[in-house]
Amino acid sequence: MMHALLVGVSVPAIASAQTNSQAQDEADVGLNEIVITAQRRAQSLQDVPISVTAFDAESLARSNISSAADYLKRTPNVSFQDDGQTGNRGVSISIRGVSDIKSLDNSVINSVGVYLDEFSVASVSNGTINPQLQDVERIEVLRGPQGTYFGRNAIGGALNITTKKPVADLGGEVIVGGKLYEHGGAEQHVTGIINLPISDRLWSRSVVHVERSDGYVKNVNPNGAENSGWDYFHGRVSLRWMPSDATTIDAQVFHTDEDEGHDPTVNSGVLDLDTSSTFRPAVVAGLTPVRDGLDFFPRNQSRVNHNTREFNKNSTTLGNLRISQELSPNLTLKSVTGFIKTKTDRRFDQDLTSLDIVIRENDFDSTSWSQELRLEAQTDQFDLTVGGLYARDKQDKRNHIFMGTERAIGGVFILPPVAAFPAGTPINRDTGTFGIESIAAFADLTWRATPQLEIIAGGRFTHDSVSTGLVDVAVFGGRLLPDVRGKKSFDDFAPRISVRYKLDEDASLYGLVSKGYKAGGVNVGHDSAREPFVDTFEPERLWNYEIGFKSELLDKRLRLNLSAFYLDWTDLQLQTFFFLDPTDISSQVELTNNVRKARSKGAEIEFAAVPVKGLTLSGGLGYLDAKMLSDETIVVTGRLPVDVEGLVIPKSPKWTWNLDAEYNFATPIGEAYFGANWSGRSHSYADLEAAGREQLGRPVFPYRLPAFNVVGLRAGLTINEQVKLSMFVENLLSEDYHTSTGENFGLGGIRLRPHPRIVGANLALKF
């Protein structure tokens with residue numbers, strides 16, 4: 001039992017407790033309260049009857065958390081896949097086995113909601129947004145369906161990110177820092193923050209972040225992109241205007257540019273089914289994974305040999321307007337209006353060799369906007385929220401795969417001779433279109449029936465109209481195919497009921513039943529006769545049953561939270577990709593399939609403790625058992641069948657854990673700290689092809705994602721609250737691991753993203 005308690009909540013409780021405990025006597029050292037907005041209002045973490053992990057600004061800075069993977073690996077029963085597709089910040093997220101579908105070609109609705117200052121930003125061109133985290137006040141990871149408050153794309157949970165708001169005081173901060181990578185390469189960054197009062201009731205806050213790196217995967221081929229490095233720019237301007245004490249208006253605009261080289265991946269030396277079937281005659285003739293003078297992962301984690309000038313370019317522009325109008329002391333009207341526009345341009349060496357054989361280009365555009373209105377009433381006995389939402393998303397994904405100047409490797413032809421099909425001849429070219437129009441109405445009521453008993457009931461009605469198209473299609477040799485479009489509407493009502501009982505002032509029990517919903521859609525494509533087809537797939541629905549215990553014990557020296565859950569799925573959505581003709585790359589079909597029945601069950605333990613003055617321990621442990629139950633068959637790459645009954649749901653590691661320790665102490669020149677973090681997870685599978693590897697005769701490596709343990713160290717010094725120096729080491733023990741096999745097609749084998757040891761430092765100056 002003690003081992004379980006020491007393996008596992010989040011870092012947030014760490015920094016808050018440590019920073020303030022130095023000024024307290026030994027008798028009253030304790031954990032600070034963590035305030036979250038999981039129910040759209042400020043509440044203590046311990047008062048919210050759902051499973052939440054929260055990270056505050058201090059812990060984000062001390063732990064050098066700059067992207068989603070950094071905090072997700074410290075959250076129980078949450079996993080991520082950072083396969084390097086579309087660049088260094090590409091990520092896919094799974095919570096309790098509920099995961100996003102990520103694909104370069106198809107556009108789909110995400111399962112995990114991402115909210116930036118209350119506005120949904122989950123619909124982006126490259127799959128899942130991974131926003132910059134400079135000047136962030138708090139990050140909350142909510143597990144389970146969030147239908148009555150976070151009802152857009154939140155069947156599995158939500159990431160709720162809150163930035164720091166303008167205040168009435170003049171001030172700012174400059175942060176400079178850098179990193180060194182284990183196998184060569186470096187990164188440098190500068191962040192500037194300024195808070196500027198414009199008048200007594202109008203304030204502004206601006207953030208500029210510039211980052212440059214030559215990456216940690218180099219290209220030995222002078223004809224290709226030099227490395228996997230990047231140039232990032234992120235700018236954010238926020239305004240807060242309070243024309244009266246009853247009115248608060250927050251406006252925000254931010255823009256991010258990410259200009260990157262080739263993907264940060266290396267070859268595994270294991271051909272996937274896609275490549276093996278496409279080039280089957282060449283494989284039979286003796287074609288093996290191409291080394292190009294380099295080793296495969298894990299012996300090689302820093303070199304590729306690509307002849308193509310590859311790039312990944314991502315841009316994001318966002319606007320957000322929030323108005324809060326107090327109508328009376330107990331009644332407030334709130335409005336959230338937002339838009340987000342994203343663009344991805346990508347050029348990729350599809351054959352993954354030093355030869356000019358196959359090149360891929362992508363141009364993705366996405367726009368999303370929404371309007372939300374909420375009426376909030378609060379009395380001593382009731383909290384009531386009633387609201388509505390209108391949202392519209394649109395995406396266009398242009399895909400072009402074409403031939404280069406060469407056709408053979410080692411004398412083995414893998415494509416027809418150049419004389420028949422000159423360089424630039426399309427292998428596959430198309431534009432995928434996707435749109436969704438969503439209208440929702442929701443309500444949530446909290447009733448404090450007695451001083452000990454709290455009952456919460458709510459529900460959300462959603463109407464979604466989903467359209468999908470495939471247009472401007474040219475297949476092998478440039479032959480044109482007819483356009484195909486489909487449209488379908490879906491309705492759903494998702495209720496939630498929760499009961500919370502306070503055992504005393506420091507401990508409570510809760511029970512929760514909630515429904516999650518993700519809209520269905522339309523599969524479109526061309527059949528084996530090259531005729532259009534339209535096929536509808538069903539909405540994904542699940543019921544979440546959860547019980548939990550939250551407590552603060554030993555005079556608030558120990559925070560211990562536990563939860564157990566059971567998810568019951570209907571029509572789980574899984575995506576597959578295959579060629580109608582296994583030898584013809586232009587006959588590709590992408591389908592979203594429904595698995596009729598699935599279930600996920602598990603538990604989470606999170607804790608934070610201050611055993612002695614200056615020392616804070618925290619951690620979390622997650623257990624997950626997620627399986628598909630239907631006796632049905634789904635076709636995967638190679639047009640091979642997989643019987644899904646009894647298979648593990650992809651992206652569902654059985655165990656996730658993290659343990660953190662930090663010690664704060666005084667020095668003659670300021671307050672110092674030293675900390676260590678251990679995080680990891682057991683093995684899992686990235687997709688259905690990997691989960692069904694035994695049926696398909698595929699090897700353990702690389703299809704079974706390895707279990708891993710990652711250790712990090714950090715240290716810092718604060719002088720007069722104005723100068724902060726921090727140093728850190730990530731992946732101290734140089735653990736060899738990869739989190740996805742999603743980037744699979746290529747003659748060098750499935751592409752894997754390495755995770756080298758990183759050493760870095762930051763210097764922050766406040767004014």
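Everything in this summary refers to the structure shown in the same document. Only a predicted model underlies this, so the values are computations on that prediction, with no experimental measurement involved.

So, on to the overall build of the chain. Looking only at helices and strands, the chain features 9 helices and 45 strands. Taken over the C-alpha trace, the chain has a radius of gyration of 26 Å; the compact-globule value for 767 residues is 27 Å, and the two agree within 12%. Along the three orthogonal principal directions, the C-alpha set of the chain runs to about 80 × 60 × 55 Å. Carbon together with sulfur atoms contributes 58% to the accessible area of the chain, which is approximately 27,800 Å² in total. Side chains of the chain give 76 positive and 96 negative charges; the mean places of these two sets differ by 1 Å.

For strand β34 (residues 588–612), the buried fraction is high: 19 of the 25 residues fall into the buried class. Where strand β33 (residues 558–579) meets β34, 21 bridges bridge the pair, whose relative direction is antiparallel. The residue bridging A564 from the neighbouring strand is A603, located in β34. Looking at chain direction, β34 and strand β35 (residues 615–628) are connected through 13 bridges and run antiparallel. Looking across to β35, one finds that S600 is bridged to A626. What sits between the antiparallel neighbours β34 and β35 is a turn of 2 residues, in which G614 has the positive phi angle 95°.

Attention now goes to the sheet that holds strand β6 (residues 98–99). What the 3 strands build is an open sheet, ordered β4-β5-β6; its pairing is antiparallel. Pairing within the sheet leaves two strands with one partner each, and these edge strands are β4 (78–81) and β6. Relative to β6, strand β5 (residues 92–95) is paired through 2 bridges, and the arrangement is antiparallel. Looking at β6, one finds that I95 is bridged to V98.

If you look at the biggest cluster of nonpolar residues, it comprises 29 residues, and the most contacted ones within it are Y71, L72, I93, V121, I139 and L159. Only α4 (68–72), β4, β5, β7 (112–116), β9 (136–143), β10 (157–163) and β20 (331–349) provide two or more residues apiece to this core. Here this core takes 4 residues from α4, the largest share from any one element. Counting 22 residues, the second largest nonpolar core, distinct from the first, contains L273, A598, V644 and L688.

The next subject is the pattern of salt bridges. Throughout the structure, instances matching the rule amount to 50 salt bridges. Here E604 and R143 are joined by a salt bridge, their closest N and O atoms 3.5 Å apart. With E604 in strand β34 and R143 in strand β9, this residue pair connects regions lying 461 residues apart in the sequence. The exposure classification of E604 matches that of R143, with both residues buried. The shortest N-O distance in the salt bridge between D345 and K343 comes to 3.8 Å. Salt bridges sharing partners connect three or more residues here, namely E58, R62, R74, D660, E662, R714 and K724.

Our focus in this paragraph is the pairing of β7. Most of β7 is tucked away: 5 of the 5 residues are buried. Side-chain alternation along β7 places V112, V114 and L116 on one buried face and G113 and Y115 on a second face that is also buried. In the sheet, β7 pairs with β10 via 5 bridges, with the strands oriented parallel. Paired with V112 across the strands is G157, a residue of β10. The sheet contact formed by β7 and strand β8 (residues 119–120) spans 2 bridges and is antiparallel. Bridge pairing in β8 places L116 opposite F119. The hairpin formed by β7 and β8 contains 2 residues between the paired strands, and D117 there has a positive phi angle of roughly 50°.

Another point: the packing of aromatic side chains. One pass over the structure, following the stated rule, counts 12 aromatic pairs. Note on F577 and F579: the rings are 5.3 Å apart at their centroids and 75° apart in plane angle, and the pair reads as edge-to-face. The ring of F565 carries R96 above its face, with NZ or CZ at 4.1 Å from the centroid. Positioned over the ring face of F348 is R346, at 4.6 Å from the centre of the ring.

Turning our attention to unusual backbone geometry. Between F297 and P298 the backbone carries a cis peptide bond, its omega angle lying at 10°. Secondary-structure assignment places P298 in the loop between α6 (280–284) and β18 (303–304). Here F701 and P702 are connected by a cis peptide whose omega angle stands at 0°. Considering the arrangement of structural elements, one finds P702 in helix α9 (residues 700–703). If you check the backbone angles, N64 has positive phi at about 55° while not being a glycine. Of note, N64 is situated in the loop between α3 (57–62) and α4. Phi at N77 is positive, roughly 60°, even though this residue is not glycine.

Structurally, L624 can be placed in strand β35. For L624, a relative accessible area of 4% puts it in the buried group. Remark: the alpha-carbon pair of L624 and G602, spanning 22 residues in sequence, is separated by 4.4 Å. Not counting chain neighbours up to four residues away, the residues in contact with L624 comprise N77, R96, G97, F565, S600, K601, G602, S652, P653 and K654.

So, how was this worked out
Residues numbered from 1 in each chain as written. Predicted model: local features only at pLDDT ≥ 70, side-chain atom pairs only at ≥ 80, totals over all residues. Heavy atoms only, no water. Helix = DSSP H or I, 4+ residues; strand = E, 2+ residues; numbered from the N terminus. Rg over C-alpha atoms; globule rule 2.2 N^0.38 Å. Areas by Shrake-Rupley, 256 points an atom, 1.4 Å probe, with all protein chains shown as cover. Lys, Arg positive; Asp, Glu negative; His and termini not counted. Charge placed at Lys NZ, Arg CZ, Asp CG, Glu CD. Buried < 20%, exposed > 50% of the residue type's maximum accessible area, 1.4 Å probe, protein only. Pairing = 2+ DSSP bridges. Core = buried A, V, L, I, M, F, W, Y, C linked by side-chain atoms within 4.5 Å. Salt bridge = Lys/Arg side-chain N within 4 Å of Asp/Glu carboxyl O. Phe/Tyr/Trp six-rings, centres within 6.5 Å; stacked < 30°, edge-to-face > 60°. Lys NZ or Arg CZ within 6 Å of the ring centre and 35° of its normal. Contact = heavy atoms within 4.5 Å.

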